[in-house]
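Tertiary structure, described
Here is how the chains run, residue by residue.
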Amino acid sequence: MQLYHMETRHPDHRPTTTPPIENKPLQGISPLKVGQQQPLHSSEESYESDLYQQKDVKRQKEYDNDDVIITRNLARTYINADEELWQILSALEEKSRTPGVIPRLEPQFTNSNRKNKSTVSAYLCSPYTDHIATGFMDLGWGCGYRNCQMLMTFLQRKQEAGDSILRQVTDISGLQLLLERAWKDGFDVQGAKQLNNRVYKTRKWIGTTEVYSMLVYLGIRCTILDFHRPSGPHNTHETLFDWIQSYFQNAVSKQDENEEDDHPTDMKDKTVYITQRPPLYLQHSGHSRTVIGIELLQNGKRNLIMFDPGRRMLRSYRSRTEPEDDMDESTLSSSCSQNGDSEEEEEEEEGEEDNNKSQSRKISEQQEKKSTSSKTSFASRILSNWKPRTHLPSNLLRPFRVDAKAIAKNRQYQLLVLGEVKDERPQGGYLSWNDEKGYLLDEKEREAMKIVTSTDAL
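Residues numbered from 1 in each chain as written. Predicted model: local features only at pLDDT ≥ 70, side-chain atom pairs only at ≥ 80, totals over all residues. Heavy atoms only, no water.

This paragraph deals with the nonpolar core. Core analysis: the largest hydrophobic core is formed by 92 residues, its most contacted members being Leu 215, Trp 243, Ile 244, Leu 415, Leu 416 and Leu 418. In terms of residue count, the dominant contributor to this core is helix H5 (residues 143-157) (seven residues). (Core = buried A, V, L, I, M, F, W, Y, C linked by side-chain atoms within 4.5 Å. Buried < 20%, exposed > 50% of the residue type's maximum accessible area, 1.4 Å probe, protein only. Helix = DSSP H or I, 4+ residues; strand = E, 2+ residues; numbered from the N terminus.)

Turning our eyes to something else, we now look at unusual backbone geometry. Of note in this structure, Asn 196 is not a glycine but carries a positive phi near 55°. Residue placement: Asn 196 occurs in the loop between helix H7 (189-194) and helix H8 (208-217).

This part is about the packing of H5 against H8. One can describe the packing of H5 onto H8 by two numbers: an axis separation of 10 Å at closest approach and a directional angle of 35°. The handedness of the crossing between H5 and H8 is right-handed. Here H5 contributes Gly 144, Cys 148, Leu 151, Met 152 and Leu 155 to the contact with H8, which in turn contributes Val 211, Met 214 and Leu 215. Partitioned by chemical class, the residues of the contact of H5 with H8 number seven nonpolar, one polar and no charged. (Axes fitted to C-alpha atoms, helices over the stretch in contact; angles between N-to-C directions. Left-handed = near helix turned anticlockwise from the far one by under 90°. Contact = heavy atoms within 4.5 Å. Nonpolar A, V, L, I, M, F, W, Y, C, P; charged D, E, K, R; others polar.)

Here the focus is the pattern of salt bridges. Enumeration over the complete set of coordinates arrives at 16 salt bridges. The salt bridge partner of Asp 185 is Arg 446, with a shortest N-O separation of 3.4 Å. One end of the pair, Asp 185, is in the loop between helix H6 (172-184) and H7; the other, Arg 446, is in helix H17 (residues 443-448), with 261 residues separating them in the sequence. Take Arg 446: its relative accessible area is 4%, and that puts it in the buried class. Arg 401 serves as the salt-bridge partner of Glu 295, at 2.7 Å between the closest nitrogen and oxygen. Of this pair, Glu 295 sits in strand S13 (residues 287-297) while Arg 401 sits in strand S15 (residues 400-403); the two residues are 106 residues apart in sequence, bridging distant segments of the chain. On the basis of relative accessibility, which here comes to 1%, the residue Glu 295 falls in the buried class. According to the relative accessible area criterion, Arg 401 is buried, its value standing at 5%. (Salt bridge = Lys/Arg side-chain N within 4 Å of Asp/Glu carboxyl O.)

The relative placement of two packed helices comes down to the angle between their axes together with the axis-to-axis distance. One can describe the packing of H5 onto H6 by two numbers: an axis separation of 10 Å at closest approach and a directional angle of 90°. The angle between H5 and H6 falls in the class roughly perpendicular. Between H5 and H6, the residues in contact are Tyr 145, Arg 146, Cys 148, Gln 149 and Met 152 and Ile 172, Leu 175, Gln 176 and Leu 178, respectively. Here the residues of the contact of H5 with H6 are counted per class, giving six nonpolar, two polar and one charged. (Parallel < 35°, antiparallel > 145°, perpendicular 65-115°, else oblique.)

The buried fraction of strand S14 (residues 302-307) amounts to six of the six residues, a majority that puts the element mostly inside the structure. Across the two faces of S14 the burial is the same, with Arg 302, Leu 304 and Met 306 and Asn 303, Ile 305 and Phe 307 all buried. With six bridges joining them, S13 and S14 adopt antiparallel strand pairing. Paired with Gly 293 across the two strands is Ile 305, which belongs to S14. Hairpin remark: S13 followed by S14, antiparallel, with four residues in the connecting loop; positive phi at Gly 300, about 90°. (Pairing = 2+ DSSP bridges.)

Structurally, Gln 176 is set in helix H6. Look at Gln 176 and you get buried, because its relative accessible area is 0%. From its side chain, Gln 176 meets the backbone oxygen of Thr 202 in a polar contact 3.0 Å long. Apart from residues lying up to four places away in sequence, Gln 176 is in contact with Trp 141, Tyr 145, Val 199, Tyr 200, Lys 201 and Thr 202. (Polar contact = N/O pair within 3.5 Å; in protein donor to acceptor, adjacent residues only side chain to side chain.)

A separate point is the packing of aromatic side chains. In total, this model carries nine aromatic pairs according to the counting rule given. Pairing Trp 243 with Tyr 247 gives two aromatic rings, centres 5.4 Å apart and planes at 20°, and the pair type is stacked. In this pair, Trp 243 and Tyr 247 both sit in helix H9 (residues 238-249), four residues apart, roughly one turn of the helix. With respect to class, Trp 243 is no different from Tyr 247; both count as buried. When the ring of Tyr 247 is compared with that of Phe 248, the centres are 4.9 Å apart and the planes differ by 80°; the resulting orientation is edge-to-face. The residues Tyr 247 and Phe 248 share a single accessibility class, namely buried. Through successive ring pairs, a cluster of aromatic residues spans Tyr 128, Phe 154, Trp 243, Tyr 247, Phe 248, Trp 433 and Tyr 439. Sitting over the face of the ring of Tyr 247, Arg 277 holds its NZ or CZ atom 5.2 Å from the ring centroid. One cation-aromatic arrangement involves Arg 446 over Tyr 217; the distance from NZ or CZ to the ring centre is 4.8 Å. (Phe/Tyr/Trp six-rings, centres within 6.5 Å; stacked < 30°, edge-to-face > 60°. Lys NZ or Arg CZ within 6 Å of the ring centre and 35° of its normal.)

Where burial is concerned, most of strand S12 (residues 280-284) is hidden: five out of the five residues are buried. Side chains of S12 alternate between two faces, with Leu 280, Leu 282 and His 284 and Tyr 281 and Gln 283 buried alike. Alignment of S12 against S13, held across five bridges, turns out to be antiparallel. The residue of S13 that forms the bridge with Tyr 281 is Thr 290. Bridge count for S12 against strand S16 (residues 413-418) is four bridges, and the pairing is antiparallel. Bridging across to S16, Tyr 281 finds its partner in Leu 416.

In structure tokens form, the structure reads like this:
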């Protein structure tokens, strides 16, 4: 098996320690249909807790099959105790983050039956995920950092073993220092050499392996999946769509099953499922984006729902009086071309050009109706915790849909998945997200993951 650095600045065909797996087309995707549900983690975590108050959690207690207590020395403990590290890692400014977008996308799917493109169902990631746009100073090279930051917003709000998984979301300069620190500690030696062991104060692009190295260095479990060739007709990536669909559909909560028993009429008309799954980091040659969900249409087609930091910045910055940057131009030295994102912008979006003001009014009316309803969803409760800020631009609230034809324009893709993906294909099973495995690594696991490996998803 090969692990591919997908950025054009350093194509890498490095061997990994993962043994090759026999290709079984569509074998590794859990064959779920719309409506199938599976319990996931409890949603009763307190969002209102102080995310920055660090507790002295040194060990996580677990139980084996014989109910024997097992203690794990979590890598997070000494990472959080490294005050020298956190003093040099500057936090991303709050004005650069747009929280509360995921729950507010729901009306966009329920009102999307226009031009015969009806939504059968849509599955979205955790509302803990913020949208982060590219700034002026990182336009054309900062997508990897911005998508990494969007993963980090989820990790900062998600709790495990009595504390936030991640202490803070770091700005781009801090991520560059963090990556160099990971390299110095022995992570991804080959990748470090390709970038001359230096990214700080440069415009060097980063990709999947660099994001992996930063997260694992911080003691966070993640998995890289390789979709190294098309798997469907006309160079489409059907297996990629299948895996993402299974990932989100499996997250439909037990709470929704109970609601179906109590409110069969409401559940019959339900279209949008907001899950607790983390977002996915999607990489192809020259660009990356954050997958926040998937949409299933009546005609059998599917759309990936994306946060593209570069695209949103290009569409919305003209209406702002000040750019929301966390970069200082004087601190950067150019090391790559700045031709902008490599996306074919207009061809990839399925949504039509609606009247922005009318759409905004519809969204406001939907939210007002929700606030007066006696039955509130988990996403609604999360949304209520955010204080109102400037009105979200209507172009941000319109989902960024990417169909199979657009994805087919690139031959290879990688997914970086927070948590563990278990591979049970050799035993006749599937390649699926392990919802029983936590996000936190212990010290031994972290040490073993210094060598970057990937799993062939085909």
